[in-house]
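Okay, here's what each chain looks like letter by letter:
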Amino acid sequence: ATFGEQHLHTAATYNNIGCAYNGLGQHDKARQMSEKALKIQLTLLGEQHSSVADTYHNLGNAYLSMENSAKALQMYQKSLQIRQTVLGEQHVSTAASCNVIGSIYGRAGDVNKALQMQKRALKIQLAAYGDRHPNLAITYNSLGNTYTDKQNYPKALQMFEKSLQINLASVGELHPDIALTYNNMAIACVKSGDYDKAIELHNKALKIRLALYGEMHLETASSYYNMANVHDSKGEYGKALQLHKKVLRIRKATLGDQHHDTAVVYVNMGCIYRSMYDHVNALPAFRHALQTLTATVGPYHPDTELARQGAIDVCCDVRDLLMFFVSQAYDMRRMRF
């Protein structure tokens, strides 16, 4: 009550609370806090102010976390326009906007626009920081992801290696960013067909995550999940299945059995059982996944369709298939009422 609602300190507090909510995964609350901050700032400062640009950036972060890329891009572009005008083309905050906008373009499949924005960010940062600053690691990592999407895997690995070396010098081996970079390098290796190198890199990421988080953590599960998929691609179904069972145990304990991400593991396990011609175990896995996915993401989601098709594929005879379709019709009817 010291400053009142219409005060810049109040706006700053709303922004800080919003950032905290976003870090806790409560992204809609983060958006609400940033919008309150923005309303105050626009009244007191007008549109063309660096603090307003920062709040638009925070709103972009919230929308991006909510997987609303279109709205996030709109917020980031407003932030960029203000930063260019107020701070200048060569300011590091302008570079931060360019980098995140480039990442959104990359997600949307526009890799040329993504590279254009990320290279612009890198040029600004190199001029401002030199070549060993931690912020450069973020941009090199973004460039690595974009080159992976562009199917230029040697260039992607070159960018990831630069990111890795900067982060190793600044934060050391046992850090989430190091694990993330190993993970991204592994993805590039998988897409280039180098499965053995990918497993080696995923193991490095796993070792870090186990040291930081322990066994029963979603980040650890992510490493197991990625490794399982590589073994699956190699036709090593036993190893893949063993790793997916670890993922399943962690996700059931942390997310619950009726969560979308848990259901996806059942789908993958069903696919592996199907590849092993073990239809006895494949069918229950697909059915369980299908029931959860129909309830959580709807009957027409791609994951739901994959589970449904998997179940149809492994139905052993006409009677099984008929019973499956009857149960599906019953579930769909129950959802309507």
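Computed from a prediction, not measured in an experiment: that's the story for all the values here.

About the criteria used
Think of each chain on its own: its residues are numbered from 1, step by step along the sequence as written. Given that the model is predicted, a residue must reach a pLDDT of at least 70 before its local features are reported, and side-chain atom pairs must reach 80 or more before they are shown or counted; all residues, however, enter totals for whole chains, interfaces and linings. Excluded from the side-chain calculations are hydrogens and water; all other atoms, namely the structure's heavy atoms, are used. Whenever Lys or Arg places a side-chain nitrogen within 4 Å of a carboxyl oxygen from Asp or Glu, that contact is recorded as a salt bridge. Runs of E in the DSSP output that reach at least two residues are strands. Runs of H or I that reach at least four are helices, and both are numbered from the N terminus. Here's how the labels work: a residue is buried when its accessible area is under 20% of the maximum for its type, exposed when over 50%, partly exposed in between, all with a 1.4 Å probe on protein chains only. Here an axis means a line fitted to C-alpha atoms, over the contact stretch when the element is a helix, while the angle between two N-to-C directions is reported on a 0 to 180 degree scale. We call two directions roughly parallel when the angle between them is under 35 degrees, roughly antiparallel when it is over 145, roughly perpendicular when it lies between 65 and 115, and oblique otherwise. Handedness of each helix crossing follows the sense of rotation of the near helix against the far helix: counterclockwise by less than a right angle gives left-handed, clockwise gives right-handed. Contacts between residues were defined by any pair of non-hydrogen atoms, one from each residue, lying within 4.5 Å. All amino acids are sorted into three groups, where Ala, Val, Leu, Ile, Met, Phe, Trp, Tyr, Cys and Pro are nonpolar, Asp, Glu, Lys and Arg are charged, and the leftover types, Gly among them, are polar. Throughout this description, the term nonpolar core refers to a set of buried Ala, Val, Leu, Ile, Met, Phe, Trp, Tyr and Cys residues connected via side-chain atoms within 4.5 Å. The term polar contact refers here to a pair of N or O atoms within 3.5 Å; inside protein, the definition further demands a hydrogen-donor-capable atom paired with an acceptor-capable atom, and it admits residues adjacent in sequence only when both atoms are side-chain atoms. A helix's residues, less one, multiplied by 1.5 Å, set its expected span. Note that the arc is computed from the directions linking the helix axis to the C-beta atoms. Within this analysis, patches are made of residues with over 30% relative accessible area and no salt bridge. Like charges are joined at 9 Å or less; nonpolar side chains (Val, Leu, Ile, Met, Phe, Trp, Tyr) at 5 Å or less. Note that accessible areas follow from Shrake-Rupley with a 1.4 Å probe, and for residues the cover is restricted to the protein chains shown. Whether a set of points on the 1 Å grid over the protein atoms alone is a cavity depends on a 1.4 Å probe fitting there but being unable to get out, while an open set qualifies as a pocket with protein on both sides within 12 Å along at least five of seven lines; lining residues are those with an atom within 4 Å of a point. Grid points are joined across faces, edges and corners, and a volume is the space filled by probe spheres set on the points.

S.K.: Which parts of the structure should I look at to understand the pattern of salt bridges?
M.R.: Side-chain pairing between opposite charges can occur once the charged atoms of the two side chains come close. As enumerated under the stated definition, the model contains 11 salt bridges in all. Residue Glu215 is joined to Arg249 by a salt bridge in which the shortest nitrogen-to-oxygen separation is 3.3 Å. Of the two residues, Glu215 sits in the loop between helix 10 (195-213) and helix 11 (218-233) while Arg249 sits in helix 12 (residues 237-254), which places them 34 residues apart along the sequence. Its relative accessible area of 44% is what places Arg249 among the partly exposed residues. In the salt-bridge network here, residues are joined through shared partners; they are Asp28, Arg31 and Glu35.

S.K.: Even after reading the chapter, I still don't get the packing of helix 5 (residues 92-107) against helix 6 (residues 111-129), so can you show me in this structure?
M.R.: Each pair of packed helices can be described by the angle between their axes along with the distance between the axes. Look at helix 5 against helix 6: their axes get within 7 Å of each other, and the N-to-C directions meet at 155 degrees. When the axes of helix 5 and helix 6 are compared, the pair comes out roughly antiparallel. Considering only the axes of helix 5 and helix 6, their crossing is left-handed. In contact with Val92, Thr94, Ala95, Cys98, Asn99, Ile101, Gly102, Ser103, Tyr105 and Gly106 of helix 5, helix 6 contributes Lys113, Ala114, Met117, Gln118, Arg120, Ala121, Ile124, Gln125, Ala128 and Tyr129. Broken down by class, the residue content of the contact of helix 5 with helix 6 amounts to 11 nonpolar, seven polar and two charged.

S.K.: I keep staring at the nonpolar core and nothing clicks. Help me out?
M.R.: Buried together is how nonpolar side chains tend to be arranged in soluble globular proteins. The biggest cluster of nonpolar side chains holds 31 residues, and the ones touching the most others in it are Val267 and Phe286. Listed by contribution, the elements that provide at least two residues to this core are helix 11, helix 12, helix 13 (260-275), helix 14 (279-296) and helix 15 (302-314). Take this core: its biggest share by element is nine residues, from helix 13. Not counting residues up to four positions away in its chain, the partners in contact with Phe286 are Val267, Gly270, Cys271, Arg274, Ala307, Gly310, Ala311 and Val314. Ranked by size, the runner-up nonpolar core spans 26 residues in total, among them Leu115, Leu143, Ala179 and Leu201.

S.K.: Teacher, can you tell me more about the side chain of His57 here?
M.R.: Relative to the helices and strands, His57 resides in helix 3 (residues 50-65). Here Arg83 takes part through its side chain, which lies 3.4 Å from a polar atom of the side chain of His57. Not counting the four nearest positions on each side in its chain, His57 is found in contact with Tyr76, Ser79, Arg83, Ala96, Ser97 and Val100.

S.K.: Please clarify how the side chain of Arg31 should be interpreted in this entry.
M.R.: Within the secondary structure layout, Arg31 lies in helix 2 (residues 27-45). On the basis of relative accessible area, Arg31 is assigned to the buried category, the value being 17%. Among the polar contacts made by the side chain of Arg31, one reaches the side chain of Asp28 at a distance of 2.8 Å. When neighbours within four sequence positions are excluded, Arg31 is seen to be in contact with Leu59, Ala62 and Tyr63.

S.K.: Looking at this structure, I do not really get helix 15. What am I missing?
M.R.: Because each turn of an α-helix spans 3.6 residues, side chains separated by three or four positions in sequence point in the same direction. Its 13 residues place the ends of helix 15 19 Å apart at the C-alpha level, agreeing with the 18 Å of an ideal helix rising 1.5 Å per residue. All buried positions along helix 15 are accounted for by Thr304, Ala307, Arg308, Gly310, Ala311 and Val314. Looking straight down helix 15, one finds its buried side chains confined to an arc of 160 degrees; they lie on one side.

S.K.: Help me understand helix 8 (residues 153-171) in this model?
M.R.: Helix length check: helix 8, at 19 residues, gives a terminal C-alpha distance of 26 Å against a target of 27 Å (1.5 Å per residue), a fit within 8%. Taken together, the buried positions of helix 8 are occupied by Tyr153, Ala156, Met159, Phe160, Ser163, Leu164, Ile166 and Asn167. Packing partners of the buried residues in helix 8 comprise helix 7 (134-149) and helix 9 (176-192). Measuring from the side-chain oxygen of the N-cap residue of helix 8 to the backbone nitrogen of Lys155 gives 3.3 Å; that N-cap residue is Asn152. At the exit of helix 8 stands Gly172, carrying a positive phi of roughly 85 degrees.

S.K.: Quick question: what am I supposed to make of a nonpolar patch on the surface here?
M.R.: A surface patch of nonpolar side chains, amounting to about 260 Å² of accessible area, comprises Leu174, Leu212 and Tyr213. Tracing the chain through its elements places Leu212 in helix 10. What makes Leu212 partly exposed here is its relative accessible area of 35%.

S.K.: Explanation requested: the layout of surface pockets in the structure shown.
M.R.: By rolling a water-sized probe across the atoms, one finds the places where empty space is left. Space inside the largest pocket adds up to approximately 1400 Å³. Forming the walls of the largest pocket are 38 residues, and the residues nearest its centre are Leu64, Arg107, Asn141, Asn145 and Leu180. Among the elements of the structure, helix 1 (8-23), helix 3, helix 5, helix 6, helix 7, helix 8 and helix 9 are those that each provide at least two residues to the lining of the largest pocket. The element contributing the most residues to the lining of the largest pocket is helix 7, with 10 residues. Each residue belonging to the lining of the largest pocket can be placed in one class, and the counts come to 12 nonpolar, 22 polar and four charged.

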